[in-house]
Amino acid sequence: MALSNSQMQNIEDDDDDFQDACDEGPSPLCAMDLEAALTEAKLAVNLFFNNKFTEAEALMKPWATSSMYHSVGHSVFAYLEAMLTFEQQHIAAASDALKQCLGVCNRYRKKNTLTETIGKTFKKVNYDQYTDVEAHAELCTAEAMLLKAMLTFIEDETLTSLIKGGMKIRNCFAMYKECNTILNQRRWESESSRVHFESGVRMGLGTFNLMISLLPGRVIKLLEFIGFSGNKQSGMQDLIIGSQSLGIRQVLCVMTLLGYNLIVCYVLSHKEGDLKYCDELLAKQLKQYPDGVWFLFFKGRLEFMKGNLDDALMWYKRSWKSQNVWPQFHHLCFWELLWVNCLRLDWRESLLFATYLVEHSKWSRTIYTYQKASIMCMMKRSDLTSVELRTLDGLMKEVPKYKQRIAGKSLPMEKFACKKTDRFFAQQSFLYVPALELMYVWNLFKILGKHFHLADGVFRIVEENLNELEERQRKKTSSPLNAYDVDNKALLLLLKGACLRQMNSPLQALSCLETVVAMFKDLKEDFYLVPYAIVEIALIYVDQGKKEQAILALEDAKKNYSGYSLESRLHFRIHTALIELKGKSYENIPAGGD
């Protein structure tokens, strides 16, 4: 059962403007009716996705204090600027815009008497009593609440804010479920109004269901306890239907599907997204928005995931150069261009984009600084100038200085980077193939399997370093590297095994990976290598059709190893693999909805 407005108000703090609709007086008359507002909002969406950001914002701003759709549009612009810049003044401006938006939406929500509010808890609501305007006000409120909740996480990075943000998202999810009930249980005054409303419900519920279903089982159980549920099939169906509609949020459904198939699948699982479907979606969207920065970016990502690196470079550069209103969006392109060039083994070109991110982006200076240093480590010291060698040492010293803490905890990837800088200095300014290690933990090795020459290029670098390490061990030369010989060899064998899996050499890959597992007790620091190697072994079993052996290996990695670097990242991948192998019974996630 969805939470009532009054129940939600009791949960929220006094400083948040999630007001109970029954507390307000009569709705003010607005000079712009719902149909006109929807028409302008649709026009603003088209302007926005054609890179006409200023025109779109100018269309929304004059009515932001009186029309809910204009207010939502104005808030979205402020929110995006805050997320792209991470600058305090933009975060504050977005927070103010969203508070204003929630106030505007609240004026149009159905005004319940105290008796009606209490009655919602005990009897079925007659949604035919809602007008189209009141129904849309519920949907717009849910959207604004979600943005406000997401903003909470960056406004104040404390445990209290984390809890508050989580509660707001839970309330938002409850509102989307109630909007789904409104969609299905009332007679609509206008078919156009219903179509726009449905696209918003499909987008909201679809995204919630899809993203929650990706979480590991232990997290799901906690979320179910506080009122969340998620079902992947339901989420995908909602988003696909929404992407085919004529509603305002149609393009947002498309964006979510592209983001899931081209980014989320690759980061959080061993599976690939549906690249053929993405190709079809992008063909339609690029026809409508030929210079749209977002769809040019996704086209670059599609080619990247196909392993077509030259094509990926072209599309990412087109996206980067298609607009200058939001230069921060360039950082997304530069991040991708950095890794495309790493897979091409063009370290100098990759270094250019890494340098720009260090100097201009505020998302994670620790990660950006370590990435730049890692790329420099891939070049032979003889190819680096004396200035560059000093720069490399300076970068490694700076990595820990920028480490962030959210709710009292360090970010896992930042923690990983800091550990590696300690290793760098312990080994007299040396690391084995750190950029390749980053490529592996970012799950980019699966792209190597697309074209043999890509995997072969990485394989040769790993093999060369492995031979050098083994030769030094045979000579028994004294070196600070000796203390970490086992860790370094285990890393190189893991990367070699992962390459061989992508090169369809499973027996050789297994030999490398099983050696890594056998080295567990001798490792000094890099304990993460063993569970990651076990998951690689499990995926080889999957490829060979050995389902039971794959499940046993995944369960071993999940249950028998803990406390290692990047543990949560691996658990996401184990979770999705076990769902695929064990079927829906393993997922055990109830469907969303009332």
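Conventions we followed
- Residue numbers here run from 1 along each chain, matching the order of that chain's written sequence.
- Only residues with pLDDT of at least 70 get local features here, since the model is predicted, and only at 80 or more are side-chain atom pairs given and counted; chain-wide, interface and lining totals rely on the full set of residues.
- Values reported for side chains reflect all heavy atoms of the structure, with hydrogen atoms and water molecules removed beforehand.
- Stacked, tilted and edge-to-face are the three classes applied to pairs of Phe, Tyr and Trp rings, where Trp contributes its six-membered ring and a pair requires centres within 6.5 Å; stacked means planes under 30 degrees apart, edge-to-face means over 60, and tilted covers the rest.
- A run of H or I in DSSP becomes a helix once it reaches four residues, and a run of E becomes a strand once it reaches two; helices and strands are each numbered from the N terminus.
- When accessible area is computed with a 1.4 Å probe and restricted to protein chains, residues below 20% of their type maximum are described as buried, those above 50% as exposed, and intermediate ones as partly exposed.
- Pairs of cysteine sulfur atoms within 2.5 Å are identified as disulfides in what follows.
- The span one expects for a helix is its residue count, reduced by one, times 1.5 Å.
- Note on definitions: salt bridges are taken to be side-chain nitrogens of Lys or Arg within 4 Å of carboxyl oxygens of Asp or Glu.
- Angular values range over 0 to 180 degrees, each being the angle between N-to-C directions of two axes fitted as lines to C-alpha atoms, with helices fitted over their stretch in contact.
- Should the near helix be turned counterclockwise from the far one by less than a right angle, the crossing is left-handed, whereas a clockwise turn marks it as right-handed.
- Only heavy atoms enter the contact rule, under which two residues are in contact if any of them lie within 4.5 Å.
- Any residue that is not Ala, Val, Leu, Ile, Met, Phe, Trp, Tyr, Cys, Pro, Asp, Glu, Lys or Arg is counted as polar, Gly included; the first ten are nonpolar and the last four charged.
- An angle counts as roughly parallel when it lies under 35 degrees, as roughly antiparallel when it exceeds 145, as roughly perpendicular when it falls between 65 and 115, and as oblique in every other case.
- Side-chain atoms within 4.5 Å are what join buried Ala, Val, Leu, Ile, Met, Phe, Trp, Tyr and Cys residues into a set we call a nonpolar core.
- In this analysis, the protein atoms alone were mapped onto a 1 Å grid. Cavities are point sets where a 1.4 Å probe fits without being able to get out; pockets are open sets with protein on both sides within 12 Å along at least five of seven lines; lining residues have an atom within 4 Å of a point.
- Grid points are joined across faces, edges and corners, and a volume is the space filled by probe spheres set on the points.
- Counting of polar contacts relies on pairs of N or O atoms within 3.5 Å, with two restrictions inside protein: one atom must be capable of donating a hydrogen and the other of accepting it, and residues adjacent in sequence are counted only when both atoms are side-chain atoms.

- The chain is annotated in an unreviewed UniProt entry as Tetratricopeptide repeat protein 39B from Aedes albopictus.

1. Quick word on the packing of aromatic side chains
Here is step 1 of the chain: One pass over the full model with this rule turns up 32 aromatic pairs.
Here is step 2 of the chain: Aromatic pair Phe173 and Phe208: ring centres 4.9 Å apart, planes at 45 degrees, arrangement tilted. One end of the pair, Phe173, is in helix α8 (residues 159–185); the other, Phe208, is in helix α9 (residues 191–213), and 35 residues separate them in sequence.
Here is step 3 of the chain: Here Trp188 and Phe197 contribute two aromatic rings whose centre-to-centre distance is 4.9 Å and whose plane-to-plane angle is 50 degrees, an arrangement assigned as tilted. Note on accessibility: Trp188 and Phe197 belong to one class, buried.

2. With respect to the state of the cysteines
Each disulfide consists of one covalent bond between the sulfur atoms belonging to two cysteines.
Here is step 1 of the chain: Overall, the coordinates contain 0 disulfides when judged by the stated rule.
Here is step 2 of the chain: Sulfur of Cys265: no disulfide; nearest cysteine sulfur belongs to Cys278 and is 8.5 Å away.
Here is step 3 of the chain: Judged by its relative accessible area of 8%, Cys265 falls in the buried class.
Here is step 4 of the chain: Here Cys499 is not cross-linked by a disulfide; its sulfur's nearest cysteine counterpart is in Cys512, at 9.8 Å.

3. A short note on helix α16 (residues 329–343)
For an α-helix, the turn length of 3.6 residues means that residues three or four places apart are oriented alike.
Here is step 1 of the chain: The terminal C-alpha atoms of α16, which comprises 15 residues, lie 22 Å apart, in line with the 21 Å expected from a rise of 1.5 Å per residue.
Here is step 2 of the chain: Counting buried positions over the 15 residues of α16 gives 14, a clear majority of the element.
Here is step 3 of the chain: Backbone geometry just downstream of α16 places Leu345 in the positive-phi region, at approximately 65 degrees.

4. Here we look at the pattern of salt bridges
Here is step 1 of the chain: For the coordinates displayed, the defined rule picks out 36 salt bridges.
Here is step 2 of the chain: A salt bridge links Arg344 to Asp310, with the shortest nitrogen-to-oxygen separation between them at 3.5 Å. With Arg344 in the loop between α16 and α17 (347–360) and Asp310 in helix α15 (residues 309–321), this pair connects stretches of sequence that are 34 residues apart.
Here is step 3 of the chain: Exposure remark for Arg344: the relative accessible area of 35% places this residue in the partly exposed category.
Here is step 4 of the chain: For Arg460, the salt bridge is made with Asp456, and the minimal N-O distance between the two is 2.8 Å. One end of the pair is Arg460 and the other is Asp456, both in helix α23 (residues 452–475) and 4 residues apart, which spans about a single turn.
Here is step 5 of the chain: Residue Arg460 is classed as exposed on the basis of its relative accessible area of 54%.

5. A look at the packing of helix α18 (residues 365–377) against helix α19 (residues 386–398)
Here is step 1 of the chain: At a minimum axis distance of 9 Å, the contact between α18 and α19 shows a crossing angle of 145 degrees. Pair α18 / α19 crosses with left-handed handedness. Contacts between α18 and α19 involve Thr369, Tyr370, Lys372, Ala373, Met376 and Cys377 from the former and Glu388, Thr391, Leu392, Leu395, Met396 and Glu398 from the latter.
Here is step 2 of the chain: Taken together, the residues of the contact of α18 with α19 sort by class into 7 nonpolar, 2 polar and 3 charged.

6. Remarks on the packing of α9 against helix α12 (residues 250–268)
Here is step 1 of the chain: Taken N-terminus to C-terminus, the directions of α9 and α12 make an angle of 20 degrees; their axes are 8 Å apart at the nearest point. By the angle between their axes, α9 is roughly parallel relative to α12. Crossing handedness for the pair α9 and α12: left-handed. Together, Ser199, Met203, Thr207, Leu210 and Met211 of α9 and Gln250, Leu252, Cys253, Thr256, Tyr260 and Val264 of α12 make up the contact between the two elements.

7. A short note on helix α28 (residues 567–582)
Here is step 1 of the chain: The end-to-end C-alpha distance of α28, which contains 16 residues, comes to 22 Å, matching closely the 22 Å that a straight helix rising 1.5 Å per residue would cover.
Here is step 2 of the chain: Within α28, 13 of the 16 residues are buried, leaving the element largely enclosed by the surrounding structure.
Here is step 3 of the chain: Residue Gly583 follows α28 closely and has a positive phi angle near 85 degrees.

8. A closer look at the nonpolar core
Here is step 1 of the chain: In terms of nonpolar packing, the biggest core is built from 195 residues, with Tyr69, Phe295, Phe304, Trp339 and Leu436 touching the most fellow members.
Here is step 2 of the chain: For Phe295, the residues in contact, after removing those within four places along its chain, are Phe49, Val251, Val254, Met255, Leu258, Leu282, Gln285, Leu286 and Tyr289.

9. With respect to empty space enclosed by the protein
Here is step 1 of the chain: The full count for this structure, using the stated rule, is 3 cavities of 30 Å³ or more.
Here is step 2 of the chain: By volume, the second largest cavity is sized at about 40 Å³.
Here is step 3 of the chain: Residue lining of the second largest cavity: Lys420, Arg423, Gln427, Leu431, Tyr432, Pro434, Glu437, Asn488 and Leu491, and that is the complete set.
Here is step 4 of the chain: Mapped by element, the contributors of at least two residues to the lining of the second largest cavity are α20 (412–426), α21 (434–441) and α24 (485–502).

10. Section: the environment of Met305
Here is step 1 of the chain: Summarising the element assignment, Met305 is placed in helix α14 (residues 293–306).
Here is step 2 of the chain: Taking C-alpha positions, Met305 is 7.3 Å from Leu262, a pair spaced 43 residues apart along the chain.
Here is step 3 of the chain: Beyond its immediate chain neighbours, meaning those up to four positions away, Met305 contacts Leu262, Tyr266, Leu275, Ile447 and Lys450.

11. Some details on the environment of Glu514
Here is step 1 of the chain: Residue placement: Glu514 occurs in helix α25 (residues 506–518).
Here is step 2 of the chain: Take Glu514: its relative accessible area is 41%, and that puts it in the partly exposed class.
Here is step 3 of the chain: Residues Glu514 and Ala533, spaced 19 residues apart in sequence, show a C-alpha to C-alpha distance of 7.6 Å.
Here is step 4 of the chain: Beyond its immediate chain neighbours, meaning those up to four positions away, Glu514 contacts Ile537 and Tyr541.

12. Let's talk about the side chain of Thr256
Here is step 1 of the chain: Relative to the helices and strands, Thr256 is located in helix α12.
Here is step 2 of the chain: Among the polar contacts listed, one links the side chain of Thr256 to the backbone oxygen of Leu252, at a separation of 2.9 Å.
Here is step 3 of the chain: For Thr256, the contacting residues outside a window of four places in its chain are Thr207 and Leu239.

13. Examining unusual backbone geometry
Here is step 1 of the chain: For Val433, which is not a glycine, the phi torsion comes out positive at approximately 30 degrees.
Here is step 2 of the chain: Tracing the sequence through the fold places Val433 in the loop between α20 and α21.
Here is step 3 of the chain: With relative accessibility at 4%, the residue Val433 sits in the buried group.
Here is step 4 of the chain: Its identity as a non-glycine residue notwithstanding, Asn443 has a phi of 65 degrees, on the positive side.
Here is step 5 of the chain: When you line up the elements, Asn443 lands in the loop between α21 and α22 (445–448).
Here is step 6 of the chain: Accessibility expressed as a relative area gives 13% for Asn443, which makes it buried.

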